[in-house]
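Now for the letters of each chain:
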Amino acid sequence: MMKKSLSKSTLMVALISGSVIWGGTAFADKQQNEIERFELDPVLVTATRYETRDLEIPAATEIFDQEKIERLGANNVMEVVRNIPGFTLTASPTGNTYIGFRGVSKDNVAILVNGIPLNQDGNYDLESISTDIIDRIEVVKGGSAVLYGSNASAGVINIITNKKQGKTKVLAGWGDKNKFKGAVNVATDKLQISYSRQQSKGRGKVYQSNPTSFYMGDNLEKDSLNLQYNITDNLLFQYMYSKKISDCSKLNNGQYAPGFHSNIQYHFGQMRYNNNDLSAAVYMRSRDWKYNTTTHQKGHNIGADIQNKWQLGKVALTAGANYENEDTKNTVGAESAKRDSGAVFFMTETQLGAKTKLFLGAREAYVEESGSKFCPQLQILQNLRENENLYLNINKSMRAPNVNEQWGTSTQVMNPDLKAESGWNYELGWKKKFTDSDLLKLNVFHMEIDDRIYRATDSATGLYIYKNAEKYRNTGVELSYEKALSQKFSYNLGVSYANPQQKTIGSGEWERTDFKLGLNAGVGYKLAKTSANIFANYMAGRVNGTKPMLDINMNIAHKLTDQDTLRLTVYNLLNRDDIRTGSSNGTSGALLEERNWMLTYERTF
């Protein structure tokens, strides 16, 4: 039941006036005489593995630079990426939250840090990666298996950290719910060290098991550390560490009961060499999760990635290979599951006449226990006129089962016969930059996946088990638009509409798996040294009768001096208790947290 019911007219006012995501211009001490020049055609590296203008990428893309992240008032990466059109998520009572696009979540989106995979056995924690270390976040939707392999059938999120000399700064913040945030960043010519800590208590209901049973957010602590050292101009070392402690009690029919204690830690490191078109990296990542005294899961991955680019006449060729070894232990007393994987890939870019580019690529991927998959890709980019392009993107993708899905855990039945997913993505898109201050992107897509992996309940044991569905399909349209109306006022709007469906082997019927309509938008206003931004996300047409979700956040920033900034952020402005996980069964899922606020002070040196 909602804490605050809304009439239809109130809902429409909220959607129109707070319709959402990143608006507002950066504040400066001096007024300018012309419209702030937004970088609405930035350079991305994720879509092609080398620098390319956004308009010249034949795929659906989004980018969040430091300016946009500041407007959102986001403390961590998850608070940024939830503003992507077509965004969906899954979440557990422990607070582990995973993102998806186009009706498929978690393991169908590759999460990268500077181009290297972040997840360990399908797990990652974007809520513990502070935005203080981020240069920008690049998003590519649609199949990207050719360049990034398994787990990229719905898209890629590449978190690019500050590689250049950053600012030395300190930040402190306080809010209700016993919230606190402290952060420090120390930067020299070659070394950058960032640390942040966030904590809150008494957050209220955070997860609903059924209409009368809830998990209460008693305590949440997050620590994040990032160290980067430029050994030479070509050689970079990076280490990231995050830790999240979560304590929750249960509320059953108004009666409190013991809940759980969760402690999860991640380590990530890489050594990367770049020299013109040659790039090579060795990397590691690990996870250690303790849940009460009954569960202790841990695992680590080590790997290597290399690629080069050649210009062969009119053809630009990018080719590379990678290898990874995984060692994961998900059950106390059981042996670790080990497996190797590897791939070779290539992508060509050929200029066909003055206005047409052809992209051809393929990947041969091998995952132990799952076999090999060949994934081809065809893309065509057609220039219609200056700053306006039409593109076609057709590709095949795959996803190998995670170790825990195949070999089970203490609360999950093993299924060694679980097969890898594979499927085709078809996308037609249009990108147009009308002026330096407004950009429109529109695409229609269709995707089909065979042997989609999904979670079910084992009839014999009552425990969870992962199975292969017969088929998955989704057809939809996505639109995003950014506009700076003046030096003071700007807005943006994102819309997605789709029909994700799955056919299980048991029922043989097509069943919808996620919401149909997603909206996100934002309005921003700036006057002299003060800026205000309001942004919201709306989700409707949900499965199993789940009510629509509306999440509106607001932040106000004031620049006291050139070096001092004060910021107030209010979350869940309407104090709604909607289920925020996309594919809810109608009665269970992670909830929007109760309305809360945080006031931060930042000093740069």
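Draft legend 1. Spatial organisation of the overall build of the chain. What the chain contains, in helices and strands, is five helices and 39 strands. Scaling as 2.2 N^0.38, a compact globule of 605 residues should have a C-alpha radius of gyration of about 25 Å, and the chain matches this with 23 Å. Over its C-alpha atoms, taken along the principal directions, the chain stretches across nearly 70 × 65 × 50 Å. Sorting the 605 residues of the chain into buried and exposed places 55% on the buried side. A separation of at least 24 residues holds for 61% of the contacts in the chain among residues at least 6 apart in sequence. With an accessible surface of roughly 24,700 Å², the chain has 56% of that area assigned to carbon and sulfur atoms. Between the centroid of the 72 positive side chains of the chain and the centroid of its 65 negative side chains there is a distance of 4 Å.

Draft legend 2. Representation of the sheet that holds strand S25 (residues 412-413). Strands sit in the order S25-S29-S28 across an open sheet of three strands; the sheet is mixed. Only two strands of the sheet have a single neighbouring strand rather than two, namely S25 and strand S28 (453-457). Two elements, S28 and strand S29 (residues 464-468), share five bridges in a ladder whose sense is antiparallel. Its bridge partner lying in S29, Arg455 is registered against Tyr466.

Draft legend 3. Structural context of the environment of Ala362. The topology assignment puts Ala362 in strand S22 (residues 356-367). With 130 residues separating them along the chain, Ala362 and Asn492 place their C-alpha atoms 35 Å apart. If near-sequence neighbours (up to four positions away) are discounted, Ala362 is found in contact with Val146, Val344, Phe345, Phe346, Phe374, Cys375 and Pro376.

Draft legend 4. Expanded view of the sheet that holds strand S6 (residues 104-105). The strand order across the open sheet formed by three strands is S4-S5-S6, and the pairing between neighbours is antiparallel. Both outer strands of the open sheet, strand S4 (87-91) and S6, are each paired with one neighbouring strand and no more. Where S4 and strand S5 (residues 97-101) come together, five bridges link them in antiparallel fashion. Along S5, the bridge assignment pairs Ala91 with Thr97.

Draft legend 5. How the structure looks around unusual backbone geometry. Residues other than glycine seldom take positive phi values, yet Asn253 does so here, at roughly 50°. Here Asn253 is to be found in the loop between strand S16 (235-252) and strand S17 (255-275). A residue is classified by how much of its surface remains accessible, and Asn253, at 60% relative accessible area, is exposed. Even without being a glycine, Asp451 presents a positive backbone phi close to 60°.

Draft legend 6. Local environment of the packing of aromatic side chains. Enumeration according to the criterion identifies seven aromatic pairs in this entry. When the centroid spacing of 6.1 Å and the interplanar angle of 55° are considered together, the rings of Tyr481 and Tyr491 count as tilted. Placement of Tyr481 in strand S30 (residues 471-484) and of Tyr491 in strand S31 (residues 489-498) is noted, with a sequence separation of 10 residues between them. Residue classification places Tyr491 among the partly exposed positions, given a relative accessible area of 28%. Grouping aromatic residues by their ring pairs yields a cluster made of Tyr207, Tyr215, Phe260, Trp289 and Tyr291. When the ring centre of Phe445 is taken as reference, the NZ or CZ atom of Arg102 above it lies at 4.2 Å.

Draft legend 7. Quick peek at the pattern of salt bridges. Applying the stated criterion to the full structure yields 35 salt bridges. Through salt bridges that share partners, Arg53, Glu56, Glu349 and Lys357 make up one connected network.

Draft legend 8. The nonpolar core, seen in detail. By size, the foremost hydrophobic cluster in this structure holds 45 residues, and its most contacted members are Ile99, Leu126 and Ile157. By residue number, the principal contributor to this core is helix H3 (residues 77-81), which donates four residues. Excluding its chain neighbours within four sequence positions, the residues that come into contact with Leu126 are Asn76, Val77, Met78, Val81, Ile99, Ile111, Leu118 and Ile159.

Draft legend 9. Region of the structure containing the side chain of Asn108. Among the secondary structure elements, Asn108 is positioned in the loop between S6 and strand S7 (109-113). At 3.1 Å, the side chain of Asn108 and the side chain of Glu421 are in polar contact. Not counting chain neighbours up to four residues away, the residues in contact with Asn108 comprise Asn151, Ala152, Ser153, Ala154, Gly155, Arg399, Glu421 and Ile449.

Draft legend 10. Just the side chain of Asn158, in detail. Relative to the helices and strands, Asn158 resides in strand S10 (residues 155-161). Given the relative accessible area of 3%, Asn158 is considered buried. There is a polar contact of 3.0 Å between the side chain of Asn158 and the backbone nitrogen of Gly115.

Draft legend 11. How the structure looks around the confidence of the model for the chain. Looking at the chain as a whole, its pLDDT mean stands at 86, while 90% of the residues score no less than 70. Predicted confidence is poor over residues 1-38, with pLDDT under 50, and the contacts of this stretch with residues over four places away or in other chains come to 113 contacts.

Draft legend 12. Fine view of the pairing of strand S13 (residues 191-201). Burial along S13 is one-sided: Gln192, Ser194, Ser196, Gln198 and Ser200 are buried, and none of Leu191, Ile193, Tyr195, Arg197, Gln199 and Lys201, which face the opposite way, are. In this structure, strand S12 (residues 179-187) lies alongside S13, joined through eight bridges in antiparallel fashion. Pairing of Asn185 across the sheet is with Ser194, part of S13. Bridge count for S13 against strand S15 (residues 213-230) is 11 bridges, and the pairing is antiparallel. Paired with Ser196 across the two strands is Ser224, which belongs to S15.

Draft legend 13. Up close: the environment of Tyr538. Mapped onto the elements of the fold, Tyr538 is located in strand S35 (residues 530-540). On a C-alpha basis, the gap between Tyr538 and Ile552 in space is 8.7 Å, while along the polypeptide they are 14 residues apart.

Draft legend 14. Just the environment of Ala257, in detail. The topology assignment puts Ala257 in strand S17. Classification of Ala257 as partly exposed rests on a relative accessible area of 26%. Counting along the chain gives 267 residues from Ala257 to Gly524, while the straight-line C-alpha distance between them is 44 Å. Once you skip the residues sitting within four places of it in the chain, Ala257 turns out to touch Ser249, Lys250 and Asn252.

Draft legend 15. Quick look at a nonpolar patch on the surface. A contiguous nonpolar surface patch, about 520 Å² in accessible area, is contributed by Leu384, Leu390, Leu428, Leu442, Val444, Val477 and Tyr497. Looking at the secondary structure, you find Val444 in strand S27 (residues 438-450). Overall, the relative accessible area of 41% leaves Val444 in the partly exposed class.

Draft legend 16. Examining the pairing of strand S39 (residues 596-604) more closely. The pairing of strand S11 (residues 169-175) with S39 spans seven bridges and is classified as antiparallel. Counted as the bridge partner of Ala172 is Tyr601 from S39.

Parameters at a glance
- Residues numbered from 1 in each chain as written.
- Predicted model: local features only at pLDDT ≥ 70, side-chain atom pairs only at ≥ 80, totals over all residues.
- Heavy atoms only, no water.
- Helix = DSSP H or I, 4+ residues; strand = E, 2+ residues; numbered from the N terminus.
- Rg over C-alpha atoms; globule rule 2.2 N^0.38 Å.
- Buried < 20%, exposed > 50% of the residue type's maximum accessible area, 1.4 Å probe, protein only.
- Contact = heavy atoms within 4.5 Å.
- Areas by Shrake-Rupley, 256 points an atom, 1.4 Å probe, with all protein chains shown as cover.
- Lys, Arg positive; Asp, Glu negative; His and termini not counted.
- Charge placed at Lys NZ, Arg CZ, Asp CG, Glu CD.
- Pairing = 2+ DSSP bridges.
- Phe/Tyr/Trp six-rings, centres within 6.5 Å; stacked < 30°, edge-to-face > 60°.
- Lys NZ or Arg CZ within 6 Å of the ring centre and 35° of its normal.
- Salt bridge = Lys/Arg side-chain N within 4 Å of Asp/Glu carboxyl O.
- Core = buried A, V, L, I, M, F, W, Y, C linked by side-chain atoms within 4.5 Å.
- Polar contact = N/O pair within 3.5 Å; in protein donor to acceptor, adjacent residues only side chain to side chain.
- pLDDT = per-residue confidence, 0-100.
- Patch = residues over 30% accessible without salt bridge, like charges linked within 9 Å, V, L, I, M, F, W, Y side chains within 5 Å.

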